[in-house]
Amino acid sequence: MIEVALFGAGRIGTIHAGNIARQPGVRLQYVVDVDHEAARALAEKYGAQVADAERVFEDAKVGAVVIASSTDTHADLILRAAKARKPIFCEKPVDLSLERARICAEAVRAAGVPCVIGFQRRYDPTFASLKHRIDEGEIGVPEMLVVTSRDPGAPPVDYIKRSGGIFKDMLIHDFDIFRWIIGDEAQWVFATGSCLTDPAIEHAGDVDATAVTIRTRHGRLCQINTIRRAAYGYDQRFEVIGSQGMLQAGNHRPTEVVLWSSGAITADKPEHFFLERYRAAYAAEMAHFFEVLEGRAKPRTSIEDGVAALALAEAATTSWREKRAVELP
């Protein structure tokens, strides 16, 4: 039996708690959160105990930690887990500081423990199928990637102020998709952005719409467009153009029923937001984490992937602020 400590009893922590509880041979032992009432409610639901970080890291029976707490806690908890030689699952980003994220990666390497980063889109059945077909050579060599990534609405401005900005908060998933799908590293990035949906976001020093162009070391191209207001739902699509064809991955809808009538042809809108869209992906990534712990799989999303995506996010932030292309080392 693998005993697990969960840090974070909020929205994503609740999702992870349910998925942890569904794993055979795994028990949610501790829940840690500064909101003691939220921690108590989640712990009671799954037969766990409320604890603090000291208790978790001193308990030799804890076989893994899942970090779903606020971003500003990630690096410290990764470092403490690595020091305690406990395997780690951590939500993105590793940290808002690229230098600190690299320190975490070095600590994980030195400790020799698995560290899976929560880029759940890699575990989505649709996206994973597309990636498999690329790897099978179905479209030849990938040459161009076009990513559409749109939220139905922006998070609260108080969250935006501490999020690190749209490139580190929202687009970091798209930067990971770019590296995973195109199979190459960025040579330079050009990013621009505007505030189109809420002036309060601009007053907070951020933007809510972006356009990003990436050129890879082998000359492959990627374009990413994002906005924090899609009136029709959560819009997650991309297409890959290769030397022998193209593959597309589209949105998911609550049902696939389509009405054909004299007035129109209509279908369900896309799933409303990420919790609905990626419910299967969240379950699959947690199952994968325990497969890694049992030695049956290698991490599909490592801390090095987290550092690489953060480096792209930081380059894009610099590009937007300084209105220039940024070259990556």
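In this numbering scheme, every chain counts its residues from 1 along its sequence in written order. Side-chain atom pairs in this predicted model are given and counted only at pLDDT of 80 or more, local residue features only at pLDDT of at least 70, and totals for whole chains, interfaces and linings cover all residues. Hydrogens and water molecules were not included; the side-chain quantities draw on all heavy atoms of the structure.

Caption draft 1: Structural detail: the side chain of Glu-271. Segments assigned H or I by DSSP are reported as helices when at least four residues long, segments assigned E as strands when at least two residues long, and all are numbered from the N terminus. Following the sequence through the fold, Glu-271 ends up in the loop between strand E14 (265–267) and helix H11 (274–277). Side chain to side chain, Glu-271 and Arg-279 meet in a polar contact 3.3 Å long. The residues touching Glu-271, leaving out its near neighbours within four places in the chain, are Gly-233, Tyr-234, His-252, Arg-253, Pro-254, Glu-276, Arg-277 and Arg-279. Identification of polar contacts relies on pairs of N or O atoms within 3.5 Å, with a donor-acceptor requirement for protein atoms, meaning one able to donate a hydrogen and the other able to accept it, and with residues adjacent in sequence counted only if both atoms are side-chain atoms. Residues are treated as being in contact if the distance between any of their heavy atoms lies within 4.5 Å.

Caption draft 2: View of the nonpolar core. If you look at the biggest cluster of nonpolar residues, it comprises 99 residues, and the most contacted ones within it are Val-56, Val-65, Ile-88, Phe-167, Phe-175 and Phe-238. Here this core gets 10 residues from one element, more than from any other, and that element is helix H13 (residues 303–322). Non-local contacts of Phe-238, meaning those with residues more than four positions away in its chain, are made with Phe-127, Leu-130, Leu-145, Val-146, Val-147, Ile-177, Ile-181, Leu-247, Gln-248 and Ala-249. The term nonpolar core refers to a set of buried residues drawn from Ala, Val, Leu, Ile, Met, Phe, Trp, Tyr and Cys, joined through side-chain atoms within 4.5 Å. Between buried and exposed lies partly exposed: a residue is buried under 20% and exposed over 50% of the maximum accessible area for its type, with that area taken using a 1.4 Å probe on protein chains only.

Caption draft 3: Fine view of the sheet that holds strand E5 (residues 88–91). Strand order in this open sheet of six strands is E3-E2-E1-E4-E5-E6, and the pairing throughout is parallel. With partners counted over all chains shown, the strands left at the sheet margins are strand E3 (49–50) and strand E6 (115–118), one partner each. Here, strands pair whenever DSSP counts at least two bridges between them.

Caption draft 4: How the structure looks around the environment of Gly-295. Mapped onto the elements, Gly-295 comes out in the loop between helix H12 (279–293) and H13. With 280 residues separating them in the primary sequence, Gly-295 and Ile-15 have C-alpha atoms 24 Å apart.

Caption draft 5: The packing of aromatic side chains, seen in detail. Pairing of aromatic rings covers Phe, Tyr and the six-membered ring of Trp, with a centre-to-centre limit of 6.5 Å; geometry is then stacked below 30 degrees between planes, edge-to-face above 60, and tilted otherwise. As enumerated under the stated definition, the model contains nine aromatic pairs in all. Ring geometry for Tyr-234 against Phe-273: centres 5.5 Å apart, planes inclined by 85 degrees, an arrangement best described as edge-to-face. One end of the pair, Tyr-234, is in the loop between strand E10 (221–227) and strand E11 (235–242); the other, Phe-273, is in the loop between E14 and H11, with 39 residues separating them in the sequence. The residues Tyr-234 and Phe-273 share a single accessibility class, namely buried. Aromatic rings pair up to connect Phe-127, Tyr-234, Phe-238, Phe-273, Phe-274 and Tyr-278 into one cluster.

Caption draft 6: Spatial organisation of a nonpolar patch on the surface. Note that patches include only residues with greater than 30% relative accessible area and no salt bridge, and the join distances are 9 Å for like charges and 5 Å for nonpolar side chains (Val, Leu, Ile, Met, Phe, Trp, Tyr). Reported accessibility uses the Shrake-Rupley method at a 1.4 Å probe radius. Residues are deemed covered only where the shown protein chains occlude them. In what follows, salt bridge is the name for a side-chain nitrogen of Lys or Arg lying within 4 Å of a carboxyl oxygen of Asp or Glu. A grouping of Val-258, Trp-260 and Ile-265 is seen on the molecular surface, where their side chains present a nonpolar patch of about 350 Å² in accessible area. Mapped onto the secondary structure, Trp-260 falls in strand E13 (residues 258–260).

Caption draft 7: Quick peek at the pairing of strand E1 (residues 2–7). Summarising burial for E1: six of the six residues are buried, a large majority. Going residue by residue along E1, you find Ile-2, Val-4 and Leu-6 tucked away on one face and Glu-3, Ala-5 and Phe-7 tucked away on the opposite face as well. Here six bridges tie E1 to strand E2 (residues 26–32), and the two strands are oriented parallel to one another. Directly across from Ala-5, in E2, lies its bridge partner Tyr-30.

Caption draft 8: The pattern of salt bridges, seen in detail. With the rule as written, the count across this model stands at 24 salt bridges. Asp-176 is the salt-bridge partner of Arg-122, the closest N and O atoms lying 2.7 Å from each other. Of the two residues, Arg-122 is situated in the loop between E6 and helix H6 (125–135) and Asp-176 in helix H9 (residues 172–182); the sequence distance between them amounts to 54 residues. The exposure classification of Arg-122 matches that of Asp-176, with both residues buried. Taking the shortest distance from any N to any O, the salt bridge between Arg-150 and Asp-235 comes out at 3.3 Å. Here Arg-150, found in strand E7 (residues 142–150), pairs with Asp-235, found in strand E11; they are 85 residues apart in sequence, far enough to count as distant. The buried category is assigned to Asp-235, whose relative accessible area is 1%. One network of salt bridges, with partners in common, ties together Arg-122, Asp-176, Arg-179, Glu-185 and Asp-305.

Caption draft 9: Representation of the sheet that holds strand E8 (residues 186–194) in the model. Taken in spatial order, the seven strands line up as E12-E11-E7-E10-E9-E8-E15 in an open sheet, and their pairing is mixed. Looking at strand neighbours, the two that pair on one side only are strand E12 (245–249) and strand E15 (326–327), the edges of this open sheet. Sheet topology places strand E9 (residues 209–216) next to E10; seven bridges connect them, and they run antiparallel. Across the sheet, Thr-210 pairs through a bridge with Thr-226, a residue of E10. Every angle, taken between N-to-C directions, lies between 0 and 180 degrees, and every axis is a line fitted to C-alpha atoms, over only the stretch in contact when it is a helix. In the packing of H6 onto the sheet, contacts are made with E7, E11 and E12, and the angle to E12 comes to roughly 165 degrees. Contacting E7, E8, E9, E10 and E11, H9 crosses the sheet at an angle of about 155 degrees to E7.

Caption draft 10: View of the packing of helix H5 (residues 98–111) against H13. As a packed pair, H5 and H13 sit with axes 9 Å apart at the nearest point and diverge in direction by 170 degrees. One finds that H5 runs roughly antiparallel with respect to H13. Side by side, H5 and H13 meet where Leu-98, Ala-101, Arg-102, Cys-104, Ala-105, Val-108 and Arg-109 of the first sit next to Ile-303, Glu-304, Val-307, Leu-310, Ala-311 and Glu-314 of the second. Angles below 35 degrees are treated as roughly parallel, those above 145 as roughly antiparallel, those between 65 and 115 as roughly perpendicular, and all remaining angles as oblique.

Caption draft 11: Fine view of helix H2 (residues 36–46). Those residues of H2 that sit buried are Ala-39, Leu-42 and Ala-43. Looking straight down H2, one finds that the buried residues subtend no more than 100 degrees of arc, so they occupy a single side. Along H2, the residues that are exposed and aim more than 90 degrees away from the buried face are Glu-44 and Lys-45. One side-chain oxygen of the residue at the start of H2 lies 3.2 Å from the amide nitrogen of Glu-37, identifying that residue as Asp-35. By definition, the arc is the one covered by directions from the helix axis to the C-beta atoms.

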